[in-house]
Every structure is written in C-alpha cells, then in structure tokens.
Amino acid sequence: MSHTKFIVRKVAVLGAGVMGAQIAAHLVNAKVPTVLFDLPAKEGDKNAIALKAIDGLKKLRPSPLASQDVAQYIQPANYDDHLSLLKDCDLVIEAIAERMDWKGDLYRKVAPHLGENTIFATNTSGLSINALAASCPEEVRARFCGVHFFNPPRYMHLVEIIPCVGSDAAMLDNLERFLVSTLGKGVVRAKDTPNFVANRIGVFSMLATIANAEKFGIRFDVVDDLTGPRLGRPKSATFRTADVVGLDTFAHVVKTMQDTLPNDPWHPLFKSPEWLQKLIAAGALGAKTKAGIYKKDGKQMFVVDPVKGEYVGSGEKGDDAVKDILKITDPAEKFRKLRESSHPQAQFLWSCFRDAVHYIGFHLGDIANCARDVDFAIRWGFGWSVGPFETWQAAGWQQVAQWINEDIKAGKALASATLPAWVLETDRAGVHFAHGSYDAAAARLVGRSTLDVYQRQLAPARVLGEAVAPLGETVFENDGVRAFTTGDEILVVSFKSKAHAIGPDVIEGLNQAIDIAEARFKGLVIWQTEEPFSVGADLQSMLPAFMMGDWDSINGMVSRFQATSMRLRYSQIPTVAATQGYAFGGGCEFAMHCDRVVAALESYVGLVEVGVGLLPGGGGCKEFALRAAQEAKGDVLAALKDYFMAIATAKVATSAVEAQQIGYFRKSDSVVFNAYELLYVAKQQALALAESGYRPPLKVKSFPVAGRSGAASIKGQLVNMLEGHFISAHDFTIAALIADVMTGGDVEAGTEVDEQWILDLERKAFMQLLKNSKTQDRIANMLTTGKPLRN
C-alpha cells in the first residue's frame, strides 16, 4: 500500500442528541471505542446528559445497537471535565444543534484539545461547511470537513463527505476508507451548497409533493398510498416520512433552503405550509411526540386534513385505475399514461415526477459532482429503489425533456426555469453511460472512484446505464443456481429462485456445485447477487405432492435437504456462507452447516419454521442438539434450553452480532459492515481455510442427549405457557415435538447418539406435523397472505 495506514483507535462524538447518540452506537457496533460528549448536567452526575442518551439507545426500535451489550463501550463525557480525552481520538464528529453560533463557540472550545492529526468533522445536515471552517483555528482547517450521516445512521447507507476549501485530500480519502469499510457506508462527496445533495433534492421532492397534493386536492393518506412502495420508495412514503424525521427538523431544513437559496427559481416553494406551522406550534412534531401529520388514538389512525385544519379518520387509498397505471413495468408507457390521464391522482403523480426531474436537471451542475452521485444519494439516503436520473433515462430522456418543456410553456410546472442546454442536446440519451456519469459543471463523464477501498467491492452498487457484465465466468448453471468463478480458484454459488427459496432445483444445483468444487476448486462460497440470503425451504414446490398426499415424495425431499446440509459440513473443500438480509429456516440451516459464515451486519437470522406449523427439518434441530452437547459442562439439558427456546419461539436475530449471541452463527464467524464487501471477504476466508491445509471435520461419532426426562422438564414449562395463554394448543403440539427431537427421543438422559439419529427424528416429526390440519392451515395462510397464522 502506498499511503500510510490510517488507523482509527478511538472516536469522539460531540452532542448526545438523536443523531449524535446513534452515530456513537454505530461506531461501537463496529468495535470502535467512542466517547460521547454533552453539556455538563446542572446537578448530580455531570455526565447525566450523555448517560441518559446512552440509556435511551437501548429502547429505540429499530435498534441502533447491533446487540444490547455494546452500549457499554460508549464512554459518557462532558465538556467541563473531559476535553483532554480528545487528543487520543483520531476522529471527532460534531453533532450538536443546527446553530452556526453554537457550533462556532464549541469549535473554539475544543480545537486546542485536538490531537495534531485528528480529523474534525461536522454532521450538519445543511449549514455551510466553509462558513463553519472559518470558526476553526487555521491549523485545524486542513483536517476539517462535513460528514453527514442519515437518520437512522445504522440503517441508512448514505454518508455525504463535504470538503471545505482547505480540506486535505489524503485526509478525505482516509475518512472515506473508514466510512466505507469499517462503518459499511455508501459515500457521496458533495459540494458545499445548502443541504448538500440528498436533502436538497429529497426535501425538494417532498415540498413538490406537498404543493401538488394541494393543487390537485389529494388527501395526505392517499398521497402516502401512492408515493410509497408503488413508486419504489419506502413504506413511510411522503407524509409518514416527515413524521419519522420530525416535523420540526423537516421545517428547519426547509427554512435553511428559504434563507440560503434566494435565487433558486423554486424559492416560493421553500416555506412550511400553514398547516405544518400550526402542528409544530401545537407540539405535534411527529413520531417522537406520538402525534404529527398522523396520530393514533387507540386502534384508530387519524391524519391531518389541511383544508379543515383538523384530524380526520385515516386509511383512504389511491384509485384502482391509477394504481393499475403504476403497475406498468415500462417507465415510458407508465409516465405517458399518467400524463395523459385526466384523473387528479394521475395528474398529481405525473406532476411530482416532472417537478423533481425538472429540478435536478436544472441544478445538476451546481449541486453534485455528477449524476451518479445524485442517484446514489437519493437511493441510499431516502430509500428509493431507483434514482431520479435513472428513472428519467429509463423513461426516455428526450421524451421526458420534451414533456417538461411543454408543461413549462403551459404554466403547469412549479417553476418556469428553462432546462439547461445540455439537457436538450438532440443526441443526448441520458446521463449514465458505460464509462461514466455526466458532470454538468465540467461537461464531461466521470468514472467511478479509484480509491483502493472499492477494490473490495466485487459487485458494487450500480446505476442504470453502466456497463455491467455478469460477474465471473459461469462454471455450471441449472434452473436453481448459477455457479461461477472470477479466476481465484473459489467456486461461488448464487441461487436464482424468488427470495432465494430452496426447492429441488437449488438442492440439485448446490450438490452439483459441491461435486465440481471438490474436483476443481479450492473452496465454495454461497453468495446471493442481492438480499435476502434465503427465506428457507420453497413450500410452493412441495404443493403438488402435498395436494396428492404423496408423503413418500415429500419425505424424500426433506431427506435430500438434510443430506445437502451435511454435505456442506463434511465436503472435501471449505464451504462459506455469505449472508445478508433474511437467512430464515432452511437458509439458516445451510449457513449453520458451512465451515464459516461471513455475515453482513444486517443479516436477520432465525429458524422460523414454527410460523408455518413445522419444525426445522434441514438439520437445524440436530445442529442445536449437537452444539448443546459440545458446550454442556455435564448438564446437557441446561445447555439445550436456550437453543430449544430459539426454535420454539422462532426467535429472529436482528443483526449478525445477535445471531452469534443466540447461536445461529459461531463467535468465530466474521461480521462485515459493508454488504458490498461480502463476496470479497467470503472468498478470502475460503482461500485462507484452503491454504491452511483444510480437512473436513471428522464425523461426530456420538454425543449425549437430554433424553425423555429432559423433554419432560421442557414440556412442564410449556404446560405453564399453555395455561397462561402465552401459546396456543397447536404451538404446544409443535414445541413438544421439537423438545422430543432435540432431547434425542424416547431414550434415557445421557444416552449417546449420532447426528443421523436426530436427523431421522427431525424428519419424522416434520412429516407428522405436515399431515396435521392445523399446520396445513398455517402453510396455506403463509402462501396466500405471506403472514404467519396463529391457530
């Protein structure tokens, strides 16, 4: 490596508010010791403010902590007593309130205490970085920049880095390496313009939506129904997003736009509507105050009606005719139909799209370094599945530009600003091309970052229009899997099924891939081209046999499933599972049987078969019984109980770290923070195992089980749960069977059995449940509604 290695030993976060505390949480998730500062408390413990914030992290959902016990690695501090700690911090992130004067005072206070190489960064969401840099002493400015996280920082992929005029280039590169690899973020380098990239465009898009909703008379709940997943955006859509962000925060960002962008052609739009000001004045700030644009009263949801100025019952949906247009997959046809329709909801949707792309087309040159940065910023910071420039390009660049122009001339657009000349070039097909994305300021195409950290991303995020050949060279392919290599002697297997469910084709393909890997490769990695890792066994593929009562055929399928798990464990080559997203049921069982798991932090893992009235039949019960026996200090039952509960309650780990604590993954498995690095790390692990002289583990000869007395003890607890109505009668039936299987069946406590013994019990119990009508109802419900039935 040419550059000196940048090591982050410790980080300080200044400001223990919502963002500061959650940034600190994500740093300790990543094993970075962190000091969280706030003002000294007036009475009692002077660290009380920081302490309260750290405690508050444990109650937030979704949790900012990868596991409850990492919060103890955040050290509480106050500005009176602990500034001397800053000299040992390699990075200091300021996250106090958005007040220029307060930030300036703090900078002057902390600057003398910074280490001579400490990077000093502000998490402002829109104040000028150069103006803030002016409050720093001269010698700190080269190490100063903006580092803007998005809320909630653990889950939002985007971080914007905003250099100031004097920011040192090597320092910015080091910060980017740390954010990308250690914290797992997607970095966009932004210009120092108000609200930077994502908030400038994302908030504009929300303001345009609000203005168009008013213009076409669309209720807020209908707007949310139309502008969420139907447009490839999060469920919180528009108004619910504002509630989640906080109406006061949203209004603040809007105010920043109003104050700092006087010459923006859309300036009249940059104001909080009257109904929003009234809500804020009344203290209804959204989710954090339990009331905002929406409020819940008992079971009933209410939504603000801006015309009446009061809450009305919520739950109205968009018109079916309009929703049918949104289902059209071809973007060109979809937008043409929305534009031609006279339905106010269709007119509303067309207008929102037109105004958003009008805005980004007009402003690309002054807001962002290139169009790719805009699309990534909106995808990663606002959760859109496709960026606005990508959508424009996919819908036909020339056609959309022509429609915008016609609407501007007809006075329909929110501003009369003409589109820049580059947008209207007659040969322009878009902004994203095989060799780069358009930079409007320099009128050139910009390639991807050449920073070394991105070499770890073998399958990086892409924008539509980039040249993307399939990864590697296909070695074997069937209807269920594709197995490929990139020339490093590792065979990578990806499933092709929907949600990567495991049916006969996947099992057949995986077994063939193991054959090929044993013959020609050093190792095998199971990695999916996108999440989830796998939702488990493909119940749909069992349906025909199930309908015909062909139990032998299903028994054969379960048997092959178990044999595949066991092959992953005992094959002649190291096997590595690279998980991200859901790893449920059979997917979890496959991962448990690989030699190693390399898990993205955001892996959600569980043996959830109980939800469909079954028990783990692919080796999950066996594996937990075996691990309990191996970990038992003489008392197998005691070691087994937590594992039993994990299966019986379908406990889902909400992070890879939690999966290690529950026992789905091993403590020795690797957790990777950037999912785009998964394949690289998994291959490195497989190669390392191969190079260290890999031999498959010796088959376990025998291990002790808890026996019928152990099962009786577990069932005693289950009876209490049944009588207390914590579980249903069918839950009891399933759990009792799981207990029988995991304790080794009808044998004495301490009896030695082998793996196949428990696998056989597991399969028999699976078949027994499959024939039970209540389980059949659960399966039918899951296949038709996608939700578990409690019966």
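Refer to the preceding data block for the structure.
The structure displayed is predicted, hence computed values, not measured ones.

(A) Representation of the overall build of the protein chain within the structure. Check the secondary structure of the protein chain and you find 29 helices and 23 strands. Each principal axis of the C-alpha distribution contributes one length, and for the protein chain these read about 80 × 65 × 60 Å. Taken across its 791 residues, the protein chain has 56% of its residues classed as buried. Here the analysis covers contacts within the protein chain between residues at least 6 apart in sequence; of these, 71% occur between residues at least 24 apart. Accessible surface computed for the protein chain: about 32800 Å², of which carbon and sulfur atoms make up 54%.

(B) Examining the state of the cysteines more closely. Per the stated rule, a full pass over the model turns up zero disulfides. Unpaired in this structure, Cys136 has its nearest cysteine sulfur neighbour in Cys164, at a distance of 7.8 Å.

(C) Expanded view of the layout of surface pockets. Estimated volume of the second largest pocket: approximately 1200 Å³. Sorting the residues of the lining of the second largest pocket by element identifies α19 (539-547), α20 (551-570), β19 (575-584), α21 (585-593), α23 (636-648), α26 (707-723), α27 (729-742) and α29 (773-785) as the ones contributing at least two each. When grouped by side-chain class, the residues that make up the lining of the second largest pocket number 27 nonpolar, 10 polar and seven charged.

(D) Spatial organisation of the sheet that holds strand β8 (residues 186-189). Pairing in this open sheet of eight strands is mixed, and the strands run β3-β2-β1-β4-β5-β6-β7-β8 from one edge to the other. In the strand order of this sheet, the two ends are held by β3 (74-78) and β8, each with one partner. Neighbour-to-neighbour, the strand axes of this sheet turn through a mean angle of 25°, independent of strand direction. Inspection of the sheet shows strand β2 (residues 34-38) paired to β3 by five bridges, in the parallel sense. Looking across to β3, one finds that Phe37 is bridged to Ala77. Sheet contacts for helix α1 (residues 18-29): β1 (11-14), β2, β3, β4 (91-94) and β6 (144-149); angle to β2, the most-contacted strand, approximately 170°.

(E) Here's a closer look at the environment of Ala656. Secondary-structure assignment places Ala656 in helix α24 (residues 656-662). Sequence separation between Ala656 and Thr579 is 77 residues; the distance between their C-alpha atoms is 8.8 Å. When near neighbours in sequence (up to four residues on either side) are disregarded, Ala656 contacts Ala599, Ala600, Leu601, Ser603, Phe665 and Val671.

(F) Up close: the sheet that holds strand β11 (residues 310-313). Judged by pairing direction, the sheet is antiparallel, and its three strands sit side by side in the order β9-β10-β11 without closing on themselves. Since the sheet does not close on itself, it has two edges, and those belong to β9 (294-297) and β11, each with one partner. Pairwise comparison of adjacent strand axes, ignoring direction, gives a mean angle of 40° for this sheet. Note that strand β10 (residues 300-305) and β11 share four bridges and pair antiparallel.

(G) Structural detail: the pattern of salt bridges. According to the stated counting rule, one finds 50 salt bridges in the structure shown. With a closest N to O distance of 3.1 Å, Glu425 and Arg428 form a salt bridge. Taking relative accessible area as the criterion, Glu425 reaches 33% and is therefore assigned partly exposed. Close ionic contact of Arg462 with Glu466 constitutes a salt bridge, the shortest N to O distance being 3.3 Å. We classify Glu466 as buried; its relative accessible area is 14%. A single network of salt bridges, built from pairs that share partners, joins Arg339, Arg354, Asp355, Glu406 and Asp407.

(H) Broad picture of the pairing of β2. In terms of burial, β2 is largely enclosed, as five of its five residues are buried. The alternating pattern of β2 places Thr34, Leu36 and Asp38 and Val35 and Phe37 on opposite faces, both of which are buried. Two strands pair when backbone bridges link them, and β1 and β2 are joined in this way by four bridges, in the parallel orientation. Paired with Ala12 across the bridge in β2 is Val35.

Here is what the cut-offs are and how they apply
The numbering scheme is per chain: residues are counted from 1 as the chain's sequence reads. Restriction of local features to residues with pLDDT of at least 70 applies here, the model being predicted, together with a cutoff of 80 or more for giving and counting side-chain atom pairs; totals for whole chains, interfaces and linings are based on all residues. As a convention, hydrogens and water are excluded, and side-chain values are obtained from all of the structure's heavy atoms. Strands here mean DSSP runs of E at least two residues long; helices mean DSSP runs of H or I at least four residues long; both are numbered from the N terminus. Remark: exposure states derive from per-residue accessible area (1.4 Å probe, protein chains only) relative to the maximum for the residue type, with buried under 20%, exposed over 50%, and partly exposed in between. Note on contacts: a residue pair qualifies if any of its non-hydrogen atoms lie within 4.5 Å across the two residues. Computed with a 1.4 Å probe, the accessible areas rest on the Shrake-Rupley method; for each residue, only the protein chains presented here act as cover. For this text, the term disulfide refers to a pair of cysteine sulfurs within 2.5 Å. Here the term cavity refers to a set of points on a 1 Å grid, laid over the protein atoms alone, in which a 1.4 Å probe fits but cannot get out; the term pocket refers to an open set having protein on both sides within 12 Å along at least five of seven lines, with lining residues being those that place an atom within 4 Å of a point. Grid points are joined across faces, edges and corners, and a volume is the space filled by probe spheres set on the points. Side-chain classes follow a simple rule in which Ala, Val, Leu, Ile, Met, Phe, Trp, Tyr, Cys and Pro form the nonpolar group, Asp, Glu, Lys and Arg form the charged group, and the remainder, Gly included, forms the polar group. In this analysis, strands are considered paired if DSSP registers two or more bridges between them. Helix axes are fitted only over the stretch in contact, all axes being lines through C-alpha atoms; the angle between N-to-C directions runs from 0 to 180 degrees. In what follows, salt bridge is the name for a side-chain nitrogen of Lys or Arg lying within 4 Å of a carboxyl oxygen of Asp or Glu.

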